[in-house]
Amino acid sequence: MGDEKEVWPKRIFVNNVDSYSSQYIAKFLSTCVAGALSSDADADEDVTLAPSRDEQTLNDETFQTSPTRDELFRHLLECDVVVYNISENATEEQIEEATWVITALHAEMKSFMSQKMFILVSTVMTWALTKPPDLDNSDVLLTDEDYRRKRPHPSFKNHSNLEKLVLKLGRTKRSKLTSYVVASGLQYGKGENLFHYFFKASWSMLIPNVPVFGPGTNYIPMIHVYDLGGVIHNIIDLKPKSRYILAVDDSKNTFQDIVKMISSALGLGKIQEMLKEEVMLMKALKPEELEYLSINLRLEPALLKDTFNLRWTSEAGMIENMDRIIEEYKDSRQLLPIRIFLTGPPAVGKSTVAEKLCKHYQVHHIQLKEVIEEKITHLELILKGGDPEYDNEEVAAVAKDELQTIRENMENNAGRLADHLVFRILQNKLNSKPCRNQGFILDGFPKTYEQAKLIFSEEHMESDHLKPKAPVYNKNITPEHVFVLEASDDFLMERARGLQQRVAEKLRYTQDEFVPRLSRYRQVRATEETLLHYFEELEIHPEHIEVNTDDPEYAHVVKKITGLVGIPKNYGLSPEEQEQEDRRLEEERQQRLALEAAEKKSQDEATLAELTARCEEWHRNVSEVKRQEYEFLEAHSLPLRNYLMKYVMPSLTEAMVDCCKAKPEDPVDFLAEHLLRNNSQD
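What you see is a predicted model, and the numbers here were worked out from it, not measured in a lab.

S.K.: Is there a simple way to explain the environment of Arg 508 in this structure?
M.R.: Turning to its location among the elements, Arg 508 is positioned in the loop between helix H19 (501-507) and helix H20 (511-525). Through-space distance from the C-alpha of Arg 508 to that of Pro 346 is 9.6 Å; in sequence the pair is 162 residues apart. If we skip the residues at most four places from it in the chain, Arg 508 touches Glu 513, Phe 514, Arg 517 and Arg 520.

This is the structure:
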């Protein structure tokens, strides 16, 4: 037991892990095993990461904001390896920070308890103006050993100075601080960064030609971002004698070759040469990104080939591994096509729902009639020479034969196209790059089990015993989600009758056409093998959604579908489209607020008018009650008044007159005696 070598897990600091490059380097290193590449491969050591200053976790301590230099340096001392990445769009502050870190570590190295390593990940832009070793022989390439005579791009002199400082401070004898410089090629892979614009432009196909500034003949040294992580892993484990390492793959591709391949693999395959100034006006790329893409170097990573044990992700380069790079790109950015099939009886609202879903998911609306018309128009355009991409005799001859076949078939079938031609046209459309990239909403077709089988199934196996138990189908064009819109016949006929005559004739929803169509749909649904049975066999289970008069805008239907399908899986709106959408939403908000204010004012006025009317009515009622009470009292007081005037008032008046004359001390007693005396006399 005493002879066994004690091993400890490596602790690695990687700066700026919120950036593309450092993020994937950190992810790669987190999956590595320290010592796996060296002779001590039995050591099962975990690589621990210390992320960037902006948000880093060290010993379970999280910095949500940038720590002070004292705090940062204290945690750096806890790490075995410090990786500072300035390979992509590094700011002056980041370069200055890296300079401070290597200087501070060098000054403190005497107090180190164990050996530490500093790795600076720089860029081949520090080689940008380096002349080839043999100007007369272009096949002689620059290698790692030529680093002493490298000449940087004017914008990368600070990078070059930092490289020199790192190499200088690492040369101290018996030093506890080992330093390396990695000159990284332009990085690609995963979600893409520098080349992202070209991937996005090709994937979205919003512009017909992907721009290439200048002639595009410059050679761009590149490396997959995971391979760059592999280079760092090798340095940590193998500790090579050479302190300067070129990290580039074996590709020797020009800028034009790279963009052409991206465009061909993801988009229409068209590129356009543009001036750098034109590209800057497009705001497609930043000035510093244009500097990177202007590099023209052919480098040979001799050290990687001779010394390193690198498990390459993309040794041959982007072009040779384009299929894999595209899968990484789509997976990292979750650019997954959404394929939906809507079916249901005529007039149920499939096209209305499809349009709303297409707008929500930004996918393509596939209607059979429009697809056939689009195909015919495209063939006619080729014959007229209107499409430069197909401007050759062979393609024109094929287009002519195909167009003639379609026209003859339609003439012989009363304007309808034979099923086998329809299926082929639809399959080509669903297999097109736009549908493969973004997805589609298939509107109302196919209608039967056999049609669905002929469209979506793979070609039949040559021998029956090789046929798989499960149905084989083309997953690239088969819908992932099937929705059946259901409605009663009364609802459907009422909706068809509510259409304008012109619209009804166009959709074949007139009374004479609609009823037979609805009847045929019900008959097809009643057969033993229906369209829905085909999807059930593929384990794509249709969802039934009821449509009724309570949802005229199909809001409930769309909400249910989007809830089942999930969120959009694409880029969403461009900045210009987002600005326009924000402007539209703001206008709608202002209109809504104005409408609400007008409605509130109208309601307030109506309420005030109602209160005023009620108040006036109450006053009128009060006046009427008083009048009626007065008349009632008048009517009831008249007999009493007459009685008093006849029998009471004469005697009482005489008594009061005498009382006034006599002026007795007790007038009341006088009046009583006077009335009593007179009454006795009477």
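So much for the structure itself; the text now carries on.
S.K.: How should the nonpolar core be read in this particular structure?
M.R.: Soluble, globular proteins show a tendency: their nonpolar side chains are buried together. Judged by nonpolar contacts, the single largest core of 73 residues is most densely connected at Phe 118, Leu 186, Phe 195, Phe 198, Phe 199, Leu 293 and Met 318. Among the elements that take part in this core, helix H3 (residues 92-108) stands out by supplying 7 residues, more than any other. When neighbours within four sequence positions are excluded, Met 318 is seen to be in contact with Tyr 188, Glu 192, Phe 195, Phe 199, Met 222, Asp 249, Ile 258, Ile 262 and Ile 325.

S.K.: Looking at this model, I keep getting lost on the side chain of Asp 443. Mind explaining?
M.R.: The residue Asp 443 is located in strand S18 (residues 439-443) in this model. We note that Asp 443 is buried and unpaired, the nearest opposite charge coming from Lys 350 at a distance of 5.4 Å. Here Ser 351 takes part through its side chain, which lies 2.7 Å from a polar atom of the side chain of Asp 443.

S.K.: Please clarify how the environment of Pro 667 should be interpreted in this entry.
M.R.: For Pro 667, the location among the structural elements is in helix H24 (residues 667-681). Look at Pro 667 and you get partly exposed, because its relative accessible area is 37%. The sequence separation of Pro 667 and Met 656 amounts to 11 residues, and the corresponding C-alpha distance is 8.9 Å.

S.K.: Could you clarify how one ought to interpret the packing of helix H1 (residues 20-30) against helix H6 (residues 225-238) in this entry?
M.R.: When two helices pack together, their arrangement is captured by the angle between the axes and the distance separating the axes. H6 packs onto H1 with a crossing angle of 55° between their chain directions and a minimal axis gap of 8 Å. One finds that H1 runs oblique with respect to H6. The crossing of H1 and H6 is right-handed. Facing H1, whose interface residues are Tyr 20, Ser 21, Tyr 24, Ile 25, Lys 27, Phe 28 and Leu 29, H6 presents Val 225, Tyr 226, Leu 228, Gly 229, Gly 230, Ile 232 and His 233. Per-class residue counts for the contact of H1 with H6 are 9 nonpolar, 4 polar and 1 charged.

S.K.: I'm lost on the packing of aromatic side chains in this one. Help?
M.R.: By convention here, two paired aromatic rings are described through the distance between centres and the angle between planes. What the rule picks out here adds up to 22 aromatic pairs. Plain terms: the ring middles of Phe 456 and Tyr 534 are 6.5 Å apart, the flat faces sit at 25° to each other, and that makes the pair stacked. Here Tyr 534 lies in helix H21 (residues 531-537) and Phe 456 lies in helix H17 (residues 449-456), a separation of 78 residues in the sequence. Taking 5.5 Å as the distance between ring centres and 75° as the angle between the ring planes, the aromatic pair formed by Tyr 534 and Phe 535 counts as edge-to-face. You can call Phe 535 buried: its relative accessible area is 0%. Here the aromatic residues Phe 341, Tyr 449, Phe 456, Tyr 534 and Phe 535 are joined through ring pairs into a cluster of three or more. Above the ring of Tyr 571, the side-chain terminus of Lys 200 is found at 4.7 Å from the ring centroid. In this arrangement the basic side chain of Arg 243 is found over the ring face of Tyr 180, its NZ or CZ atom lying 5.2 Å from the centre.

S.K.: Could you clarify how one ought to interpret the pattern of salt bridges in this entry?
M.R.: Opposite charge on two side chains lets them pair, provided their charged atoms get close. Tallied over the full model, the rule gives 20 salt bridges. In this structure, Glu 163 and Lys 150 form a salt bridge, with 2.9 Å as the shortest nitrogen-oxygen distance. Here the residue Glu 163 occupies a position in helix H4 (residues 157-169), and Lys 150 occupies one in the loop between strand S8 (142-143) and H4, the gap between them amounting to 13 residues. A salt bridge links Glu 513 to Arg 508; the nearest nitrogen and oxygen atoms lie 3.8 Å apart. Here Glu 513 falls in the partly exposed class, since its relative accessible area comes to 31%. Connected via shared salt-bridge partners are Asp 250, Lys 252, Glu 300 and Lys 305.

S.K.: What am I meant to see in the sheet that holds strand S17 (residues 364-366) here?
M.R.: Hydrogen bonding along the main chain pairs the strands of a sheet, whether they run parallel or antiparallel. The strand order across the open sheet built from 5 strands is S17-S18-S16-S19-S20, with neighbouring strands paired in parallel fashion. The open sheet has two edge strands with one neighbour each: S17 and strand S20 (543-546). If you compare each strand with its neighbour and ignore which way they point, the axes differ by 20° on average. Pairing geometry for strand S19 (residues 481-486) and S20, over 4 bridges, is parallel. Following the sheet pairing, Leu 485 is matched in S20 by Ile 545.

About the cut-offs
Residues numbered from 1 in each chain as written. Predicted model: local features only at pLDDT ≥ 70, side-chain atom pairs only at ≥ 80, totals over all residues. Heavy atoms only, no water. Helix = DSSP H or I, 4+ residues; strand = E, 2+ residues; numbered from the N terminus. Contact = heavy atoms within 4.5 Å. Core = buried A, V, L, I, M, F, W, Y, C linked by side-chain atoms within 4.5 Å. Buried < 20%, exposed > 50% of the residue type's maximum accessible area, 1.4 Å probe, protein only. Lys, Arg positive; Asp, Glu negative; His and termini not counted. Salt bridge = Lys/Arg side-chain N within 4 Å of Asp/Glu carboxyl O. Polar contact = N/O pair within 3.5 Å; in protein donor to acceptor, adjacent residues only side chain to side chain. Axes fitted to C-alpha atoms, helices over the stretch in contact; angles between N-to-C directions. Parallel < 35°, antiparallel > 145°, perpendicular 65-115°, else oblique. Left-handed = near helix turned anticlockwise from the far one by under 90°. Nonpolar A, V, L, I, M, F, W, Y, C, P; charged D, E, K, R; others polar. Phe/Tyr/Trp six-rings, centres within 6.5 Å; stacked < 30°, edge-to-face > 60°. Lys NZ or Arg CZ within 6 Å of the ring centre and 35° of its normal. Pairing = 2+ DSSP bridges.

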